[in-house]
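In case you want the letters, here they are:
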Amino acid sequence: MLIVMDKKATQEQINSVVEAIEQRGFTARPIPGGERVSIGILNNKGHVDASLFIGLPGVKDAIHVTRPYKLVSREFKHEDTIVQIGDVSIGSGNLTIMAGPCAVESEYQALTIAEHVQRSGAHIFRGGAFKPRTSPYSFQGLGEEGLKILAMVREKTGMPVVTEVMDLEKIDLVEAYADIIQIGARNMQNFSLLRRAGRAAKPILLKRGMAATIDEWLMAAEYIMEGGNSQVILCERGVRTFVHHSRNTLDLSAVSVVIKESHLPIIVDPSHAAGRRDQVIPLSRASVAVGAHGLIVEVHHAPEEALSDGAQSLYPDQFENMCRQVRSIYNDLKEGNGL
Ligand code: PEP
Ligand code: MN
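Q: I would appreciate a short explanation of the site of ligand 1 in the present structure.
A: Around ligand 1, the neighbouring residues are Arg-126, Lys-131, Pro-132, Glu-164, Gln-182, Gly-184, Ala-185, Arg-186, Lys-207, Arg-237 and His-272. For ligand 1, an oxygen atom lies 2.9 Å from a polar atom in the side chain of Gln-182. Split by residue class, the shell around ligand 1 holds two nonpolar, three polar and six charged.

Q: Would you mind going over the packing of helix α3 (residues 107–120) against helix α4 (residues 144–157) with me for this structure?
A: When two helices pack together, their arrangement is given by the angle between the helix axes and by the axis-to-axis distance. Between α3 and α4, whose axes approach to 10 Å, the crossing angle comes to 40 degrees. Judged by the angle between their axes, α3 and α4 are oblique. Considering the relative orientation of α3 and α4, their crossing is right-handed. Counted together, Glu-107, Ala-110, Leu-111, Ala-114 and Gln-118 of α3 and Ile-149, Met-152, Val-153, Lys-156 and Thr-157 of α4 form the full contact between these two elements. Of the residues assigned to the contact of α3 with α4, the class counts are six nonpolar, two polar and two charged.

Q: Explain the coordination of the manganese ion (ligand 2) here, please?
A: Tetrahedral metal sites with four donors have an ideal angle of 109.5 degrees; octahedral sites with six donors have ideal angles of 90 or 180 degrees. Around the manganese ion (ligand 2), the protein contributes the donor atoms Cys-102 (SG), His-272 (NE2), Glu-298 (OE) and Asp-309 (OD), at 2.0 to 2.4 Å from the metal centre. For the manganese ion (ligand 2), the donor residues sit on a single chain with the sequence spacing C-x169-H-x25-E-x10-D. Taken together, the residues span a long stretch of sequence, with Cys-102 in the loop between β7 (96–100) and α3 and Glu-298 in strand β14 (residues 294–298) at a distance of 196 residues. There is no split in this pair, since Cys-102 and Glu-298 are both buried.

Each value, and the rule that gives it
Residues numbered from 1 in each chain as written. Chains lettered and ligands numbered in written order. Predicted model: local features only at pLDDT ≥ 70, side-chain atom pairs only at ≥ 80, totals over all residues. Heavy atoms only, no water. Near = heavy atom within 4 Å. Polar contact = N/O pair within 3.5 Å; in protein donor to acceptor, adjacent residues only side chain to side chain. Nonpolar A, V, L, I, M, F, W, Y, C, P; charged D, E, K, R; others polar. Axes fitted to C-alpha atoms, helices over the stretch in contact; angles between N-to-C directions. Helix = DSSP H or I, 4+ residues; strand = E, 2+ residues; numbered from the N terminus. Parallel < 35°, antiparallel > 145°, perpendicular 65-115°, else oblique. Left-handed = near helix turned anticlockwise from the far one by under 90°. Contact = heavy atoms within 4.5 Å. Donors = N, O, S within 2.8 Å, 3.2 Å for Na, K, Ca; no water. Buried < 20%, exposed > 50% of the residue type's maximum accessible area, 1.4 Å probe, protein only.

Here it is, written out as structure tokens:
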């Protein structure tokens, strides 16, 4: 249930409602909005009697939340969440582009790619230091050395960095270096990692599991928010189907469903969806057209030499072209109020 406070409700009235909720053994979660505060009721096993709260001073309404996810849902928070990292805003009203190699391979590689993508208009640099690879014989990432290279790229370019954490053991380390912590598709339901991410002081980029429904994905985001971290960015990256023409199948309908269901920002990763360079630009255009708040794209200055995912990495000039195309689509939509 969501208790909606009056626009003019005082802090004392809000505190009394919180107390009344907690006296009944529930958890109260105040959610500040643009105009008014709402208070979410969590940890109720069954139906909550609205009349317990409706008459309290400062209470305007009590709404039953019908969705299994609460904190991530629009029923709980109507206004879009904007995740702010320095000067970069992620969420409604922005088209945020994250780009870089699949994996950080060397100082030279990371900085060369970072300078290229920044010139084309990327806002955030991506690069894996810990890589979830299908084969234990494949390149596993540079580990902490990779994180140090990311910090150097941030220092030299001013771009925030996003990088993946694979397990609980390394999250303190990744949190210390990253501006955004990525939880990858394979870890979307790693509940202990999600709970720890809920206590992180950095935003979380939560990728959709390759066989996850939208409900399961939003429930995974709920774990993070329930832990106290409201800075969550969702990322659609394709789901496993029977096709052979691409690595996964990009589920663009998920973008519009998520925007309807949740206030959280949603971006698209066309690179891991496609698995092939030639599909990345068309899928990027489509992602922006469907309303995504941003993209995360793999780019390499020499993809044929890349230690991972070279086949899906764009050349720098292709990335520049992509940026121009998606910005033009985004501006057209914005001017025509299509967003
Ligand atoms: C990645 O972004 O490097 C990655 C491994 O992606 P995903 O978790 O979507 O496969
Ligand atoms: Mn990759």
